[in-house]
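Residue-level listing of the chains:
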Amino acid sequence: MTIPQQLNDIFKHKQRSYKMVLILALTEEGLENSTSLNLIADRFRQHFIDRENKGLPVDNPPTYMGDSWKSLTEGQLRTVIQNPVNAMQTIVEMNPTNNSISFKPEIAELLTPELIAELRQYALQELDSYYTSEATPHQDSKEFSIRGYFQQVMDSYILAKRESIKQHPMDQHVRKTIPHELEKLDFIQAPLTVEGSAGKGNWATVPWIAIMDSRITSTTQKGQYLVYLFSEDMGALYLSFAQGVTEPMQQHGKKKAYLFFEQIVIQIRSLLPLEGTRQDRDIFLTTSPLGEAYQAGTVAYYKYESGNLPSDEQLRADLENMVENYRLFVERRGALTAETPPPQKPTFKVTMAYLHYIQGVMYHLSNHPRIPIPIQDLLDPANRSTIFKSGESIKNPEDRLRVFCKVLQDFSLITLASDQITLSPQGETYCNHFQENHWTFDPEQIRILRTIVADEDVNNELVQVIRLAIDLTKELNTFNSAEFQNRFIEAMGTTDWEEITKESRSRFMLNWLQELEVVQKSTEGLYRYREEEPTMPLDDHLPVQELVRRIEAYILGRGFTYPPHLLENFYLSLKTKPFVILAGISGTGKTKLVQLFAEAVGATEKNGQFQLIPVRPDWSDPSDMIGYTDLSHQFRPGPLTSVLLEASHPDNRTKSYFICLDEMNLARVEHYFSDLLSLLETQRWEKGSIVTDAVVKQDQLKAMGRSDLPLNGDLHIPDNVYLIGTVNMDETTHPFSKKVLDRANTLEFNYINLNRFPESTGEGPRKAIAVSNAFLRSEYLHLQDAYGAHAELIREVTVRLVQVNDILEEVHAHIGFRVRDAVSFYMIYNATYGLMSQDEAFDCQLLQKILPRLQGSSQSVKQVLVELYLLSVNRPRQNMAALVEDASDLYKPWRRGAEPPQTKYPQSARKLAYMLRRFEEDGFTSFWLS
């Protein structure tokens, strides 16, 4: 048998051994039915490790990733494998959705056992030939190759963007490695400096490496410099003699700045030889306005295509030519005569009252990704109910549509050419996050919009004026609409506008800032600037659902397992209220859950962000936790105060602090914890943070006699502190009052499966993830905060709670507004992050916020339990008298060995069945009986 033509030349062009090794990994015995990318990556890595162990020659990993195959992370391995996949894209494909890699279906059909053996032999022969050749790349001993370094970026950058930029090898490669190596070239000497960037906090659309003369500029935002620019699709690399476009466009506006760039380009070209360079505007970097600005500012350039980069010698010669022209420019720049135009202030000209009006266009386009849509198609009456919020009654539909499109284009979500609308790559990402009601912004969509506004590379007039408005609201902090209008109109330089126009545009901008969650409006009509939390340093690009999954993977890697949805429930409970109770029999892993969850997000006892405080039976007042003033009038802080002081320090405000009160009910909670419970009820927004009334007064803090106190005033409970109490449910402990239960979610640990064992993931120990406190901090304190965006869900939740309350009133155990609000917040967070179904989430709240309130020995209590059980299993209220007399038919299906019935709220139904059985057996029941 001979190898088919499709496979015959796959190793024809070899720069490294990666292609042969990948084929060997894909055809390994036993892998015929497995295409797991993780498994193939392990086989791929192991091949090189085996050769190293045998002392055989071996290709090193890409230079920017390090010297050892053993040290490569899972993400780095995927990046390496992407290169041979790209080279063999006619026969091999990767599927990031299900984390797989495989031969293409038409190739897989040909792979009989005989052909697989022949293909493996072919790969081994080519591998042997590669390693025995006289000029193999593995012998390069890490010498700098301009060509190799640039090709690594073009091969791997797009894949790298799927991961966090923080400490990513690709970021290090662009920002440090390549600039450092270029600075070693003999023709790049002071005052020339080299600087690279792949983005700040988020990946750049166009990564760059710039060479600047400090006499001209020290930033790529202004002046003239040389720069390597990688196109967004990584298909081309440009070495350009360029101008900084950011600051001129911010100061003078696009039109005047472009005229200025063109004057400079003409004059520089007349001053310099620029031999061998291209001097046109045929540069394509990105579809965003940034690409057009680069075109306008480019004096001359070389273009190189991916996969066809010239030799190192040619690249070096081109760069040396550009550097020589740059040197001449520095000497001759005094001949430039172009005058800098006067600064132009951005103006808000958009006649659109609400930003969410753009949602209709984006929702329609989401059904047609990457397909240009004529504007006339969007104006079709059949589409108006989707595209325009007012539907058929919209006035001047084409004018309004063009306003929406201009806004979307300025936000870089679409491209508009010849009346054809196309989603940009960023727009496609935006469209992945529509809620069921497409007129409502999803939190991820808001994050994308705010990221675009903050992106220094986006500098159209609309984005500039939004930034201006944000700066004003930050400065004003708390203000009314008139105060904002006066400052906003003055800052734009439009005081000559008519009063009605001033008022309307200012109001429109405030509406936009509300929808972007920059400001929040109170019931009194005042606006408050909302301090933006720093993004999650490591995983800011990941949704909450993925972060929770990674926390679960970390805990699993530590050898601990918990029931399904417990971690999602724990996270939502902390997010809803920073006080959670974990209840259950001893030894079920309550304390360990707190410790492991904290560790998973970077909070440990070693760094001071996790504190275990064992509760003593003799605690009788708050001083045991908060502290006291001794006879010498010096304040002695308790363990809680020490943590609050640390968490309140300005340098720590983005970190999360966890306090675990172990065996919380060994003492009476109301005696030692009641002050803190009351303080939690005083939470309020202040300068973008959540604060409470004082825990410790300023004069007490000063009496501590320390010089390093981080506070200038009283000590509050900051919004980055989370209190978790563990509770053993037995006869040695004290019960909780409704005051405590109303203020916490109570998670129960009573159903134990001893057959759960530590699992091996096959991936080694998981590392903790670094997240900002924004991941856990509450977003709502009062129902008014959430009602505008989530009115429909809040009403649905309230309908369910009213059903429950009607039952609870029989025994005066019904809930108030505090519980209603907390349950609503929990359900909103769950719906926003997609962690559980609505029924699963409400089941948790019924179990955690309602059932702990129930106990007693009266028939009324029993009737309430029966009615709640019927509600949980979604059965009508029939034969109530008989069931109250004998409830055994309700709890028998839940006994040991029986198959649990299908129910609407299974956790609550199971607990209610247990409580009913205890009532009939003991004449008394309680949630807290174990």
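The preceding data block contains the structure.
Residues numbered from 1 in each chain as written. Predicted model: local features only at pLDDT ≥ 70, side-chain atom pairs only at ≥ 80, totals over all residues. Heavy atoms only, no water.

J.: Which residues make up the packing of aromatic side chains, and what values do they have?
T.: Aromatic rings in a pair are described by how distant their centres are and how their planes are angled relative to each other. With the rule as written, the count across this model stands at 38 aromatic pairs. Ring geometry for Y302 versus Y304: centroids 6.4 Å apart, planes at 10 degrees, classification stacked. Here Y302 matches Y304 in class, with each residue buried. Here F579 and F673 contribute two aromatic rings whose centre-to-centre distance is 5.2 Å and whose plane-to-plane angle is 50 degrees, an arrangement assigned as tilted. On the criterion of sequence distance, the pair formed by F579 in strand 14 (residues 579-584) and F673 in the loop between helix 27 (669-672) and helix 28 (674-680) is long-range, its members being 94 residues apart. For F579, a relative accessible area of 1% corresponds to the buried category. F673 gets classed as buried once you look at its relative accessible area, which sits at 0%. Among the aromatic side chains, those forming a connected cluster through ring pairs are F348, F479, F484, F488, W512 and Y527. Positioned above the aromatic ring of W497, the side-chain terminus of R505 is 5.5 Å from the ring centre. (Phe/Tyr/Trp six-rings, centres within 6.5 Å; stacked < 30°, edge-to-face > 60°. Buried < 20%, exposed > 50% of the residue type's maximum accessible area, 1.4 Å probe, protein only. Helix = DSSP H or I, 4+ residues; strand = E, 2+ residues; numbered from the N terminus. Lys NZ or Arg CZ within 6 Å of the ring centre and 35° of its normal.)

J.: If you had to explain the environment of A600 to someone new, which residues and values would you point to?
T.: On the secondary structure map, A600 appears in helix 24 (residues 590-600). If we skip the residues at most four places from it in the chain, A600 touches I551, Y554, A768 and I769. (Contact = heavy atoms within 4.5 Å.)

J.: Which residues make up the pattern of salt bridges, and what are the values?
T.: The final tally for this structure, using the stated rule, is 31 salt bridges. Taking the shortest distance from any N to any O, the salt bridge between R175 and D171 comes out at 3.1 Å. Separated by four residues within a single helix, R175 and D171 lie in helix 8 (residues 169-182), roughly one turn from each other. Bridged by salt links that share partners, the residues K577, E681, R743 and R818 form one connected network. (Salt bridge = Lys/Arg side-chain N within 4 Å of Asp/Glu carboxyl O.)

J.: Talk me through the nonpolar core; I want residue IDs and the actual numbers.
T.: If you look at the biggest cluster of nonpolar residues, it comprises 127 residues, and the most contacted ones within it are Y571, F579, F658, F673, F775 and L868. Per element, the largest residue contribution to this core is nine residues, and it comes from helix 31 (residues 783-808). If we skip the residues at most four places from it in the chain, Y571 touches V544, V548, F597, F775, L776, Y833 and L835. One finds M154, A204, I264 and F329 within the second-largest nonpolar core, a separate group that totals 70 residues. (Core = buried A, V, L, I, M, F, W, Y, C linked by side-chain atoms within 4.5 Å.)

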